[in-house]
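Residue strings, one per chain:
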Protein chains: 2
Amino acid sequence: MSHPQSGQAVSLGLIQLSCAEDLEENFTKSVQHIRAAAKQGAQVICLQELFRSRYFCQREEIACFDLAEEIPGPSTERLGDLARELKVVIIASLFEKRAPGLYHNSAVIIDSSGNLLGKYRKMHIPDDPYYHEKFYFTPGDLGFQSFSTPSVELGVLVCWDQWFPEAARLTALKGAQLILYPTAIGWLEGESEEMNQAQCAAWETVQRGHAVANGVFLAAVNRVGQEGPLTFWGQSFVCDPFGRILAKASAEQEEVLVVECNLEQIEETRRNWPFLRDRRIETYQDLSVRFLDESTARE
Amino acid sequence: MSHPQSGQAVSLGLIQLSCAEDLEENFTKSVQHIRAAAKQGAQVICLQELFRSRYFCQREEIACFDLAEEIPGPSTERLGDLARELKVVIIASLFEKRAPGLYHNSAVIIDSSGNLLGKYRKMHIPDDPYYHEKFYFTPGDLGFQSFSTPSVELGVLVCWDQWFPEAARLTALKGAQLILYPTAIGWLEGESEEMNQAQCAAWETVQRGHAVANGVFLAAVNRVGQEGPLTFWGQSFVCDPFGRILAKASAEQEEVLVVECNLEQIEETRRNWPFLRDRRIETYQDLSVRFLDESTARE
């Protein structure tokens, strides 16, 4: 793990889009927006979860496995060429075919030379009505990681991981200065406006909480648009180590956010609130337990 | 661990006060406000951190150890009588003298029969300018707990614990439906208004994040008033398992908040967002490590 020089700032680009049925249309639009973000100076550009297609996990359908591809594969090759041309780091969420019948919800980190710097496989897999991810995705087996780029140490987690403080903490302990969450989260039709807003606020709050607890920058990149009964709520955002929102996209529009993150703020924040100094690591072993009731078998 | 009946609501009372030099004055005022909260129907009443005295940790002074008392001791006896009289549960933060030269920042849970139901010793101890707690308080050795009362399963954590997702998680895994944080946090003179507000917002955000991540009710009880260069920022609050603020006190006034918490909401929230189902417990062992760089010794 190398440490970018202090005093460094990184320009982060988030691409919030809607998705059409046509895969090529989605890919082409994503490329256009990556170009736009690069033109605005973004050095690290993150796409939304499963950006190539509509959110197929709404139903359990064997044929949808055809959407998966190998890593490296066609998408990483194309995005690698683009990253090299634009001299940017690209984070892309892909449906990974690993072996016959073995699939993951993965994110790749492509460096500015176009090389595959690393891969994260979504660790926490949801399964709710219209989010049937346990049907498609094998839980990740690569653990929580941080990847060194010239401009920033970055960790990537994916969507449902957002709700787990353990994921953010382990990624920060690996040295991440910035945690990125490609996301596909939305409202289900028929719920009240009050519940919709409460869900969205809780989603933002828990992530801002991770930024505070770990003293890191954090960004979520969500899709927009209606797909069947789901309306993806957008509102991609970047927050600083104080949990302050630096930029936030709308709930409905396709947008490119380009946001400067001053990484010096991490050291400054952590000096004033030295949580990493005071963690009681000798008392945390029960975090590896499901629930601490009488039924938990203990050594 | 027993489980209160579903459908049950608990009425929670938070006592936000300023402190005078005179200990008896503080105690008497706290008793008055406990009575007021009970009169408004509060069943579980929580005092602020170290409610008996001004925040002596601003300086390192040997004589301040005289403020400590044994548990059980005079304060628990007096509060026990009060709890029995009012038929309420009282949570009180005390400076505990455990043995000669061995002190803790503890919180006691006194049941409505006046008995000492349990004790928590603050696990995470801060040390910052004007918060010299490592001088006074030995880190807690009782771990993270939940206590069964007839109206609610409750966990108690104290102040600096607020910033550690591990503490909230372990308390929730013990079965807590409500996490209470007696607190003494304030602004240091000479800081900008912008920084002051950012600190306060981060403090609230990270705790609301714990409520969301764990699907629990959560309350912080802070003091108000100026003590030397510190102005305690009050703003005691209660939030629900969605992180929604149910009630919040002012930054400057002494206040009693009495808030009804509908515990049914916990099951409902967790059914919709089943984070406890999806924790990847087999991958969390590194949470017991200080930092995951090359210098960490690994088995």
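See the structure above.
This section reports on the structure supplied with the text.

The rules behind these values
- Residue numbers here run from 1 along each chain, matching the order of that chain's written sequence.
- Note on labels: chains are lettered from A, ligands numbered from 1, in written order.
- Restriction of local features to residues with pLDDT of at least 70 applies here, the model being predicted, together with a cutoff of 80 or more for giving and counting side-chain atom pairs; totals for whole chains, interfaces and linings are based on all residues.
- No hydrogens and no water enter the side-chain calculation; it runs on all heavy atoms of the structure.
- Copy-to-copy alignment: least squares on C-alpha atoms, limited to residues at pLDDT 70 or above in both.
- Contacts are assigned to residue pairs that have any heavy atoms within 4.5 Å of one another.
- Working definition: rings of Phe, Tyr and Trp (its six-membered ring) pair if their centres are within 6.5 Å, and the pair is stacked with planes under 30 degrees apart, edge-to-face with planes over 60 apart, and tilted otherwise.
- Put simply, DSSP marks the helices as runs of H or I at least four residues long and the strands as runs of E at least two long, and each gets a number from the N terminus on.
- Summary of the burial criterion: residues with accessible area below 20% of their type's maximum are buried, those above 50% are exposed, and those between are partly exposed, where the area comes from a 1.4 Å probe applied to protein chains only.
- Two limits define a charge over a ring: the Lys NZ or Arg CZ must be within 6 Å of the ring centre, and within 35 degrees of the ring normal.
- In this description, buried area is defined as the sum, over both parts, of the accessible area (probe of 1.4 Å) that is lost when the two are combined.
- Here, a salt bridge means any side-chain nitrogen of Lys or Arg that lies within 4 Å of a carboxyl oxygen of Asp or Glu.
- Between N or O atoms, a polar contact is any pair within 3.5 Å; within protein, one atom must be a potential hydrogen donor and the other a potential acceptor, and residues adjacent in sequence are included only when both atoms are from side chains.
- Each residue gets one label: Ala, Val, Leu, Ile, Met, Phe, Trp, Tyr, Cys and Pro are nonpolar, Asp, Glu, Lys and Arg are charged, and the others, such as Gly, are polar.
- Here, any two strands with at least 2 DSSP bridges between them count as paired.
- Convention adopted: a line fitted to C-alpha atoms gives each axis, helices being fitted over their contacting stretch, and angles between N-to-C directions are expressed from 0 to 180 degrees.
- The path from the first strand over the helix to the second decides the hand: if it runs clockwise while the strands point away from the viewer, the crossover is right-handed.
- What makes a nonpolar core is a set of buried Ala, Val, Leu, Ile, Met, Phe, Trp, Tyr and Cys residues whose side-chain atoms join them at distances within 4.5 Å.
- For classification purposes, angles smaller than 35 degrees are called roughly parallel, those larger than 145 roughly antiparallel, those between 65 and 115 roughly perpendicular, and all remaining angles oblique.
- Two helices cross in a left-handed way if the nearer one is turned anticlockwise from the farther one by less than a right angle. They cross in a right-handed way if the turn is clockwise.
- Helices are assigned an expected span. That span is 1.5 Å times one less than the residue count.

What to know about the relation of the copies chain A and chain B
Thinking step 1. With an RMSD of 0.0 Å, the operation that places chain A on chain B is a rotation of 180° combined with a shift of 0.0 Å along the axis. Taken together, the rotation and translation relating the two chain copies correspond to the operation of a two-fold axis. Rotation axis and chain A: the residue whose C-alpha lies nearest the axis is A:Gly209, separated from it by 2.6 Å.
Thinking step 2. Both copies present the same face, since 100% of the interface residues in chain A are matched by interface residues at the equivalent positions in chain B.

Considerations on the packing of aromatic side chains
Thinking step 1. Evaluated as defined, the whole model comprises 50 aromatic pairs over all chains.
Thinking step 2. Both rings, one in A:Phe65 and one in A:Phe95, keep their centres 6.1 Å apart while their planes meet at 40°; by these two values the pair is tilted. Residue A:Phe65 is located in the loop between β2 (44-47) and α2 (74-86), and its partner A:Phe95 is located in strand β3 (residues 89-99); the two are separated by 30 residues in the primary sequence.
Thinking step 3. On the accessibility criterion, A:Phe65 (16% relative accessible area) is buried.
Thinking step 4. Summarising the aromatic geometry, the rings of A:Phe164 and B:Phe275 are spaced 5.7 Å apart at their centres and angled 75° between planes, so their arrangement reads as edge-to-face. In this pair, A:Phe164 sits in the loop between β7 (153-156) and α4 (165-173) while B:Phe275 sits in helix α7 (residues 275-278), so the two residues belong to two different chains. Taken as a pair, A:Phe164 and B:Phe275 share a single burial class, namely buried.
Thinking step 5. It is A:Arg78 that lies over the ring of A:Phe27; its NZ or CZ is 4.1 Å from the centre.

Side note on the interface of chain A and chain B
Thinking step 1. Each partner contributes to the interface: chain A provides 57 residues, whereas chain B provides 57 residues.
Thinking step 2. Contact between chain A and chain B buries roughly 5700 Å² in total, counting both sides, with carbon and sulfur atoms accounting for 62%.
Thinking step 3. Contact with chain B buries area across many residues of chain A, yet A:Arg280, A:Leu287 and A:Arg290 alone supply 12% of it, more than any other trio.
Thinking step 4. Put simply, chain A and chain B have eight salt bridges between them.
Thinking step 5. Our count for the contact surface shared by chain A and chain B stands at 28 residue pairs in polar contact (both at pLDDT 80 or more).
Thinking step 6. Of the residues in the side of chain A that touches chain B, the class split is 30 nonpolar, 10 polar and 17 charged.

Regarding the sheet that holds strand β5 (residues 116-121) of chain B
Strands in a sheet are paired, the pairing made by backbone hydrogen bonds, and the direction either parallel or antiparallel.
All names here are of chain B.
Thinking step 1. One open sheet accounts for six strands, arranged β5-β4-β3-β2-β1-β15; its pairing is mixed. Both edges of this open sheet fall to β5 and β15 (255-262), since each of them pairs with a single strand only. Across this sheet, the average inter-strand angle for adjacent strands is 30°, counted without regard to direction.
Thinking step 2. Two elements, strand β4 (residues 102-110) and β5, share five bridges in a ladder whose sense is antiparallel. When the sheet's bridge partners are listed, Ile-109 is paired in β5 with Gly-118.
Thinking step 3. Strand contacts of helix α1 (residues 23-39): β1 (9-16), β2 (44-47), β3 (89-99) and β15, with the helix running at about 150° to β2, the strand carrying the most contacts.

Section: the pairing of strand β7 (residues 153-156) of chain B
Side-chain direction in a regular strand flips from residue to residue, so the side chains alternate between the two faces of the sheet.
Residue and element names in this part refer to chain B.
Thinking step 1. Because side chains alternate across β7, one face comprises the buried residues Glu-153 and Gly-155, and the other comprises Leu-154 and Val-156, equally buried.
Thinking step 2. Two strands pair when backbone bridges link them, and strand β6 (residues 147-148) and β7 are joined in this way by two bridges, in the antiparallel orientation. Following the sheet pairing, Phe-147 is matched in β7 by Leu-154.
Thinking step 3. Two strands pair when backbone bridges link them, and β7 and strand β8 (residues 178-182) are joined in this way by three bridges, in the parallel orientation. Looking at β8, one finds that Val-156 is bridged to Leu-180.
Thinking step 4. One crossover worth recording links β7 to the parallel β8 by way of helix α4 (residues 165-173), and it is right-handed.

Regarding the environment of A:Ala249
Residue and element names in this part refer to chain A.
Thinking step 1. Mapped onto the fold, Ala-249 is located in the loop between β14 (245-248) and β15 (255-262).
Thinking step 2. On the accessibility criterion, Ala-249 (5% relative accessible area) is buried.
Thinking step 3. Along the chain, Ala-249 and Trp-233 lie 16 residues apart, while their C-alpha atoms are 10.0 Å from each other.
Thinking step 4. Sequence-distant contacts of Ala-249, that is, excluding residues within four places in its chain, are made with Gln-16, Gln-235, Ser-236, Glu-255 and Leu-257.

Observations regarding the nonpolar core
Thinking step 1. Ranked by size, the top nonpolar core spans 138 residues in total, and within it A:Leu154, A:Trp163, B:Leu154 and B:Trp163 carry the most contacts.
Thinking step 2. Leaving out residues up to four positions away in the same chain, A:Trp163 has contacts with A:Ile185, A:Gln199, A:Ala202, A:Trp203, A:Val206, A:His210, B:Arg169, B:Val212, B:Ala213, B:Trp273 and B:Phe275.
Thinking step 3. Among the nonpolar cores identified, the runner-up in size contains 21 residues, and B:Ala37, B:Ala42, B:Ile90 and B:Val108 belong to it.

Here's the deal with the pattern of salt bridges
Residue and element names in this part refer to chain A.
Thinking step 1. All told, the structure shown has 46 salt bridges over all chains when counted by the stated rule.
Thinking step 2. For the salt bridge of Glu-227 with Arg-223, the shortest nitrogen-to-oxygen distance reads 2.8 Å.
Thinking step 3. A relative accessible area of 4% means that Glu-227 is categorised as buried.
Thinking step 4. Residue classification places Arg-223 among the buried residues on the basis of a relative accessible area of 0%.
Thinking step 5. Linked through salt bridges whose partners overlap, the residues forming this network are Glu-96, Arg-98, Lys-119, Arg-121 and Asp-141.

Section: unusual backbone geometry
Trans peptide bonds make up most of the peptide bonds, and negative phi angles are found at most residues other than glycine.
Thinking step 1. A cis amide bond, omega -5°, links A:Ile71 with the succeeding residue A:Pro72.
Thinking step 2. Along the chain, the position of A:Pro72 falls in the loop between β2 and α2.
Thinking step 3. Backbone geometry at A:Leu50 places phi at a positive 50°, although glycine is not the residue there.
Thinking step 4. Take A:Leu50: it is sitting in the loop between β2 and α2.
Thinking step 5. Residue class for A:Leu50 comes out buried when judged on its relative accessible area of 4%.
Thinking step 6. Although it is not a glycine, B:Cys159 sits at a positive phi angle of roughly 35°.
Thinking step 7. With respect to the secondary-structure elements, B:Cys159 resides in the loop between β7 and α4.

Overview of the packing of α1(B) against helix α2 (residues 74-86) of chain B
All names here are of chain B.
Thinking step 1. Two elements in contact, α1 and α2, have axes separated by 11 Å at closest approach and are oriented at 20°. When the axes of α1 and α2 are compared, the pair comes out roughly parallel. The handedness of the crossing between α1 and α2 is right-handed. Contacts between α1 and α2 involve Glu-24, Phe-27, Thr-28, Val-31, Ile-34, Arg-35 and Ala-38 on the former and, on the latter, Ser-75, Arg-78, Leu-79, Leu-82, Glu-85 and Leu-86.
Thinking step 2. Of the residues that constitute the contact of α1 with α2, the class distribution is seven nonpolar, two polar and four charged.

Remarks on the environment of A:Tyr130
All names here are of chain A.
Thinking step 1. Position of Tyr-130 relative to the elements: it lies in the loop between β5 (116-121) and α3 (133-136).
Thinking step 2. Residue Tyr-130 is classed as partly exposed on the basis of its relative accessible area of 33%.
Thinking step 3. Between the C-alpha atom of Tyr-130 and that of Leu-263, which follows or precedes it by 133 residues, the distance is 38 Å.

A short note on helix α1 (residues 23-39) of chain A
Residues and elements named next belong to chain A.
Thinking step 1. Counted at 1.5 Å a residue, the expected span for α1 with its 17 residues is 24 Å, and the 24 Å between its end C-alpha atoms agrees.
Thinking step 2. Among all positions of α1, only Asn-26, Phe-27, Lys-29, Ser-30, Val-31, His-33, Ile-34 and Ala-37 are buried.
Thinking step 3. Packed against the buried residues of α1 are β1 (9-16), β2, α2, β3 and β15.
Thinking step 4. At the exit of α1 stands Gly-41, carrying a positive phi of roughly 100°.

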